[in-house]
Amino acid sequence: MWLLRWRWFWPLLGILIFAIVPVFFPAHHITILTELLIFGLFAMSLDILLGYTGMISFGHAAYFGVGAYASAIMLLQFNLPLPLAVLAGALAGAIIAFPVGYLSTRATGVYFAMLTLAFAQMIYAIVFKWYKVTGGSDGIVGVPRSELWFHFVNLGSGKAFYYFVFVVVALSIFVFVRILRSPFGKTLQAIRENEKKVESLGINTRKFKVVAFIIAAFFGGISGALFAPFDGFASPELLFWAYSGSCLIMLVIGGVGTIMGAYAGATVFILLEEVISSYTKDYLLIVGIIFILVVLLLPGGVVGFGMNLVKRKE
Amino acid sequence: MLTDITIQVLNALALSSILLLCSIGLTMIFGIMGVINFAHGSFYMLGAYVGFSIIKMSGSYWLALIISPLLVGLVGAFLELTTLRFIYLRSHFYQLLLTFGFLLALDALAQTIWGTDFKEVPVPDLLKGSVHILGTMYPIYRLFMLGLTAGVTIGLVVCLQKTKIGISIRAVSQDSEMAAGIGINVNMVRTLVFGAGCALAALGGVVIAPIVSGSLGMGVAILIQAFVVVVIGGLGSILGSVVGSLIVGTSQSYGTYLFPEGAMVFMYAMMAFILIFRTRGLFGEEE
């Protein structure tokens, strides 16, 4: 089948499915689909660290949350159109990530992992206490979905908002893949495989790691900036470690270092939430146990497992 | 003025002692296995919760002080035995993810069993009231915290230096292959150290329970502070934990006294300072 081997086949199929599906779906399902794309983007943004540079960040929610607040403030107080708010969220995430990445990358391995969590909790505490700007524990309520441009195409309806999110996510995936295939991205993957060797080639690996950290926060900020108008409010909870945990769960269950794994993981995560929470309140406990089992038994996640199966057949 | 200073010093020491109980296990587990236990704060929280349940059932604080760390230590050893043990050969990556998975599961489990409300534990009768120290009154219970932690820490160090099992532990932390070569049961040492580290964190949880009510957020809160302690003191060093706990405890307690809003920022600023000038911490070993 030549069609299956054509490199644009799977991306185009994905785009087609996601573009058509909402036409047949009721509003409730479109909401879930939108959530899935936003969380998939959030998990994918972490993948550049976890999957492609080999850096474990346990504090990625900080950039998701900062992105959400930036976009909420832009939408609610400045009445800006949504694309500008999303841009603001991405930039806010990247700006916050610079000092944190600069300091955390001074350390490596387990130290780095500890520092990302510690700094993220610090940012959470600042947002929690900075009442004037963030509304403290109340957060910012009533974030509108705004328009595509000033007085042009209202994005208030579920479908319109879904298509906007869909376009942003598709563009993000495109840019993400381009970054990973560039010499810069290849260097990151070399650092993942053997940092000492890359260093011995005369490359300043720390500079690459800081930039990777900022890029991850940039995309994380985009996902947060979409989430605030999606959910209607931004709360300090979005920066709390539990959100970093959810992000890791989605990425690890879906498959680290596979791009699509993030979206597969988000699908599993959200479906589990929908299904399990209708039976029992102990939803998080079950997800935690599934996470542990995946780490132990399926190191490549769902997508990695599937790809292995295909390889074996060939 | 003098009395103020006395109270501040004692408060700082009391806070430091809790931090020490938590960070010492964290640092020992790292020394033996090269793993950072992200669930360490959850074991601290479990210690407080299990202690609360034991006191509720038996009415005895002292029973809780002994039984709760033992139980939680067993849980830790069980988790090491059934999961962590199988992935030592994989990269650190999976070990960190796994202990993070413990954190998720244990916090959710605690919520399932104990609910979300605060668990208050009364100060035991024997330690109620205050005593005169250097011209001021100070609660006996906080002095008990200090004494207990000092005792446990000294006991631990003596145990590591003098007993056979302590020497085995140090051997494994220096070179596990060599230790296995001379007939030390490395697997057993690892299980033991993981369990003991968790038990120490749980002891911290029982000890703090009468001062700060048990709550779901307490685990991650102490975990972050213990991280700051080991980053400042250096991972793998018990002396580093002691010094780091004193530094963080003092800065936290003076910070809340002098400028309440900025105490936390001060702690992180110190950590950033250490990271810039001495990445491996004050007493950490060169990588």
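Residues numbered from 1 in each chain as written. Chains lettered and ligands numbered in written order. Predicted model: local features only at pLDDT ≥ 70, side-chain atom pairs only at ≥ 80, totals over all residues. Heavy atoms only, no water.

Draft legend 1. Geometry of the overall build of chain A. A tally of helices and strands in chain A yields 15 helices and four strands. Compactness check: chain A gives a C-alpha radius of gyration of 19 Å against a globular reference of 20 Å for 314 residues, within 12% of the reference. With the principal axes as the frame, chain A shows a C-alpha extent of 50 × 50 × 40 Å. The contacts of chain A with a sequence gap of at least 6 include a subset with a gap of at least 24, amounting to 77%. Accessible surface computed for chain A: about 14400 Å², of which carbon and sulfur atoms make up 70%. (Helix = DSSP H or I, 4+ residues; strand = E, 2+ residues; numbered from the N terminus. Rg over C-alpha atoms; globule rule 2.2 N^0.38 Å. Contact = heavy atoms within 4.5 Å. Areas by Shrake-Rupley, 256 points an atom, 1.4 Å probe, with all protein chains shown as cover.)

Draft legend 2. Here's a closer look at the overall build of chain B. The secondary structure content of chain B amounts to 11 helices and two strands. Going from N to C terminus, chain B has its helices and strands arranged as α-α-α-α-β-β-α-α-α-α-α-α-α. Rg of the C-alpha trace for chain B: 19 Å, near the compact-globule value of 19 Å for 287 residues, within the 12% margin. Along the first, second and third principal axes, the C-alpha atoms of chain B reach 60 × 50 × 35 Å. Expressed as a percentage of the 287 residues in chain B, the buried residues total 55%. Entry remark: accessible area of chain B is about 12200 Å², with carbon and sulfur atoms responsible for 69%. Looking at charge distribution, chain B has the averaged site of its 12 positive side-chain charges lying 8 Å from that of its 12 negative ones. (Buried < 20%, exposed > 50% of the residue type's maximum accessible area, 1.4 Å probe, protein only. Lys, Arg positive; Asp, Glu negative; His and termini not counted. Charge placed at Lys NZ, Arg CZ, Asp CG, Glu CD.)

Draft legend 3. The arrangement of the layout of surface pockets in detail. All names here are of chain A. As a volume, the second largest pocket reaches approximately 1500 Å³. P11, I173, V177, I259 and M260 are, among the 35 residues lining the second largest pocket, the residues nearest its centre. For the lining of the second largest pocket, the secondary structure elements donating two or more residues are α1 (2-5), α2 (9-24), α8 (158-181), α9 (183-193), α13 (260-276) and α15 (301-313). The dominant element in the lining of the second largest pocket, judged by the number of residues it contributes, is α8, at 11 residues. (1 Å grid on protein atoms, 1.4 Å probe; cavity = no way out; pocket = protein on both sides within 12 Å on 5 of 7 lines; lining within 4 Å. Points joined across faces, edges and corners; volume = space filled by probe spheres on them.)

Draft legend 4. How the structure looks around helix α3 (residues 61-82) of chain B. Residues and elements named next belong to chain B. Here α3 contains 22 residues, and its C-alpha end-to-end distance of 31 Å stays within 8% of the 32 Å for a straight helix at 1.5 Å per residue. Along α3, the positions that sit buried rather than exposed are Y61, A64, L65, S68, P69, V72, G73, G76, A77, L79 and E80. Its buried side turned inward, α3 meets α2 (40-58), α4 (92-114), α5 (140-162) and α8 (186-208). Two to three positions downstream of the cap, the backbone nitrogen of W62 sits 3.3 Å from a side-chain oxygen, assigning the N-cap of α3 to S60. (Expected span 1.5 Å × (residues − 1). Polar contact = N/O pair within 3.5 Å; in protein donor to acceptor, adjacent residues only side chain to side chain.)

Draft legend 5. Seen up close, the pattern of salt bridges. Scanning all chains against the criterion turns up five salt bridges over all chains. In this structure, the salt-bridge partner of A:E193 is A:R192, at a minimum N-O distance of 3.1 Å. Overall, the relative accessible area of 58% leaves A:E193 in the exposed class. You can call A:R192 partly exposed: its relative accessible area is 33%. A salt bridge links B:R85 to B:E80, with the nearest nitrogen and oxygen atoms 3.8 Å apart. Residue B:R85 is classed as partly exposed on the basis of its relative accessible area of 23%. What makes B:E80 buried here is its relative accessible area of 0%. (Salt bridge = Lys/Arg side-chain N within 4 Å of Asp/Glu carboxyl O.)

Draft legend 6. Structural context of the side chain of A:K209. Residues and elements named next belong to chain A. Tracing the backbone through its elements, the reader meets K209 in helix α11 (residues 205-231). With relative accessibility at 6%, the residue K209 sits in the buried group. Within the local environment of K209, its side chain forms a polar contact with the side chain of E195, the two groups lying 3.0 Å apart.

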